[in-house]
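Now for the letters of each chain:
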Protein chains: 2
Amino acid sequence: MATIRDVAREAGVSIATVSRVFNQTALVSEGTATHVRSIAARLDYWPNSAARSLITHRTNAIGVLLPDLYGEFFSEVIRGIDLAARQEKYQVLVSSFHASAETIVSAIRALRGRIDGLIVMVPDADAHTAIQEFATRFPVVLLNPGANAPECGALSIANYDGAFAAVDHLAKLGHRSIGILRGPLGNLDAEERARGYRDALAANGLAWDEALEVGGDFTESSGFQAAADFARMRPRPSAVFCANDYMAIGLLSALRDAEVRVPEDMAICGFDDIAIAHYLTPALTTVRVDACSLGERALHQLLPFARTRRPADGQREVLPASLVVRRSCGAPVPGTGEARGARSRRRTPSSPSHHRDERLAAGSDGATA
Amino acid sequence: MATIRDVAREAGVSIATVSRVFNQTALVSEGTATHVRSIAARLDYWPNSAARSLITHRTNAIGVLLPDLYGEFFSEVIRGIDLAARQEKYQVLVSSFHASAETIVSAIRALRGRIDGLIVMVPDADAHTAIQEFATRFPVVLLNPGANAPECGALSIANYDGAFAAVDHLAKLGHRSIGILRGPLGNLDAEERARGYRDALAANGLAWDEALEVGGDFTESSGFQAAADFARMRPRPSAVFCANDYMAIGLLSALRDAEVRVPEDMAICGFDDIAIAHYLTPALTTVRVDACSLGERALHQLLPFARTRRPADGQREVLPASLVVRRSCGAPVPGTGEARGARSRRRTPSSPSHHRDERLAAGSDGATA
DNA sequence: TTGTAAGCGTTATCAG
DNA sequence: CTGATAACGCTTACAA
């Protein structure tokens, strides 16, 4: 591989000049610049990034740390980050870890020196404090900061508002006994969604009943298993709010096996609006979160800090969540055929495709802040 | 951030010794080693990777280049790569590009110098040649090499065999008119699947009829649109093989709207076995491809070459694809309830969970090679 | 506008 | 076993 010295020699200039050409320093005449560029092209020269970042202390890369790379939600987040990074000419280093506060620290250590900034989604409150400490001396954007104000950049989805809207919608449909299939204990998103559930009950004059809360872990199989718990309840809830779509899918599947009709016997609502939600039978009413633009926004929030290598201050942005009404909750669905398939798979985050699901905006009013 | 010099000074040794401690060179006494380590820990020292790779010419990172980061298949591939990389202490740099031969070259250029090896999934034959040239001087593993023998490492899924098995199964069920919903023109996977479709027809004494082939682009919406084409055919095909699951989902959805019963009026079969396939109504018969272990295997195939920075030779591995029979093809499904939800979402690639779908092994007999 | 030269923080070579 | 010291390929004052 050709080095800066080869180009300099071949072009009959100094290495400093070559360097300037590649750094747009503009302190070089147009003539020599083009000459150098042509030599460089012929030699297939490109600045060595290790040498470059050794002296500049910048890597032009950002790290992404997620609890696990499984599932559509995370994959969409990564896609959004990648999209934005490509645009900003940043590289993306992805890394997953497995939920304990211990490994998150080692994951960060492995990334150290290779990135200018970090986007991280924290699984629980424990890991949260470890990250917070790190964030005081490094640019970090948190993807789910929980309810308390973080000391770093933070981007959250309107978990509370979205859950509130969903449960409020169920209550307004006349359901008096509404169950919840919760996410993992300690999971920040799950906690906020549960909080939204409870407050929506209260707002509708419904008493909170611990017996109506079933624990889940965000997986389809936990949703499948939860069906038995709901079936056992007396009285049986006429509606269930699931803390994510995967669990709702498992639950729907189990209910079908048990010949419990949805929405007639039990109305179901999910959270996330993953692509499948639209294609289930019945189509799933859920809370839409635009995971792709979450990733995009995170990168854009991080970048100014990454560029200056200054810890991100406590700015916070909340991404709205909107209720998408489909068949599974039993509400009348506007339009015919519900425009199945009309939703483009490859919608770009900046221009979400329109579709005919009824959407009720929620969040972005800062209720979580 | 502490440097090697700080540690050396503090520990009263030379920088060479500190370096040796961190490189397990073993030429250092146990006593000094532990002493140095404790000092390093106190100073929170960790070798600067830029400086390190500047001199060693190794980055301990590999690049992953995919056509687009959308969809469950790709996200599972990345997960597999990440899993294996974590184990091997390699970092993963992901990057997507948008299908033209031009951008794939620029994507590679952007990665150059930052990675020791590259895993790339080529969209079409054009980009293929660009990659091939690059692969002669850099460790590369191709994820879908097509039918011709590549000059680099290659890992492919048994597209031909999987498609053959699926269509053969439909034919054996008595279908005489079997349509195909094809993938994008020029897409290597799609071509192989179409080839398997045709050969399976021939093997069952069915004439190939161009009119039964409908073009798609792997998206749900293209599957949705294709329904009209199939409905218009005379005679209408009694079965359709879709080149991937997303299109099958769109097709199922459109057929339901049109009140065409599946599988009674039309049997449907997909390809990939994405997680959703199991939960559709009717559950989708499809060809399982373990995307996660595809990623895993790719990394393991690449690593020896990445470590030595030697171009990967023409070794080739084919991952088997197996037919998973569910309700949508109309064949009797063994067992009751089909064990919905029994399939763990978080199955690890090394130990896929067992489930009661009927599975017929296909591929791995090298028919694609 | 261009060149010279001093590092950036490591690893590798060669003496001790 | 340990210590000097020369690279690695680049950016950036400082000079010209």
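Residues numbered from 1 in each chain as written. Chains lettered and ligands numbered in written order. Predicted model: local features only at pLDDT ≥ 70, side-chain atom pairs only at ≥ 80, totals over all residues. Heavy atoms only, no water.

## As for the side chain of Arg326(B)
Residues and elements named next belong to chain B.
Here is step 1 of the chain: Looking at the secondary structure, you find arginine 326 in the loop between strand E12 (321-325) and strand E13 (358-362).
Here is step 2 of the chain: Among the residues examined, arginine 326 registers a relative accessible area of 0% and is labelled buried.
Here is step 3 of the chain: Looking at arginine 326, its side chain comes within polar contact range of the side chain of aspartate 273, at 3.1 Å.
Here is step 4 of the chain: A polar contact of 2.8 Å, which involves the side chain of arginine 326, links it to the backbone oxygen of leucine 284. (Helix = DSSP H or I, 4+ residues; strand = E, 2+ residues; numbered from the N terminus. Buried < 20%, exposed > 50% of the residue type's maximum accessible area, 1.4 Å probe, protein only. Polar contact = N/O pair within 3.5 Å; in protein donor to acceptor, adjacent residues only side chain to side chain.)

## Examining the confidence of the model for chain A
Residue and element names in this part refer to chain A.
Here is step 1 of the chain: Looking at chain A, the pLDDT average stands at 86 and 88% of residues meet or exceed 70.
Here is step 2 of the chain: The low-confidence segment residues 336-356 (pLDDT under 50) makes 49 contacts with residues lying over four places distant or belonging to another chain.
Here is step 3 of the chain: Within the model, pLDDT remains below 50 along residues 360-369, and this stretch shows 23 contacts once partners closer than five positions in the same chain are excluded. (pLDDT = per-residue confidence, 0-100. Contact = heavy atoms within 4.5 Å.)

## Regarding the relation of the copies chain A and chain B
Here is step 1 of the chain: In screw terms, the move from chain A to chain B is a rotation of 180° and a rise of 0.0 Å along the axis, fitting with an RMSD of 0.1 Å. Seen this way, the second copy is the image of the first under a two-fold rotation axis.
Here is step 2 of the chain: Counting the interface residues of chain A, we find that 98% of their copies in chain B are interface residues as well, pointing to one common contact surface. (Least-squares fit on C-alpha atoms with pLDDT ≥ 70 in both.)

## Thoughts on the interface of chain A and chain B
Here is step 1 of the chain: Listed as interface residues are 60 residues of chain A and, on the opposing side, 60 residues of chain B.
Here is step 2 of the chain: Across the chain A to chain B interface the summed buried area is about 5,900 Å²; carbon plus sulfur atoms make up 50%.
Here is step 3 of the chain: The interface formed by chain A and chain B contains four salt bridges.
Here is step 4 of the chain: Of the charged contacts, one joins Asp44(B) and Arg109(A) as a salt bridge, the two residues approaching to 2.9 Å between their closest N and O atoms.
Here is step 5 of the chain: Our enumeration of links across chain A and chain B arrives at 19 residue pairs in polar contact (both at pLDDT 80 or more).
Here is step 6 of the chain: Elements with a contribution of two residues or more to the side of chain A that touches chain B: helix H4 (49-56), helix H5 (72-88), strand E2 (91-96), helix H6 (101-111), helix H10 (220-232) and helix H11 (245-257) of chain A.
Here is step 7 of the chain: With seven residues, H5(A) is the single largest residue contributor to the side of chain A that touches chain B.
Here is step 8 of the chain: Of the residues in the side of chain A that touches chain B, the class split is 24 nonpolar, 19 polar and 17 charged.
Here is step 9 of the chain: Relative to strand E2 (residues 91-96) of chain B, E2(A) is paired through three bridges, and the arrangement is antiparallel. (Buried area = accessible area lost by both parts, 1.4 Å probe. Salt bridge = Lys/Arg side-chain N within 4 Å of Asp/Glu carboxyl O. Nonpolar A, V, L, I, M, F, W, Y, C, P; charged D, E, K, R; others polar. Pairing = 2+ DSSP bridges.)

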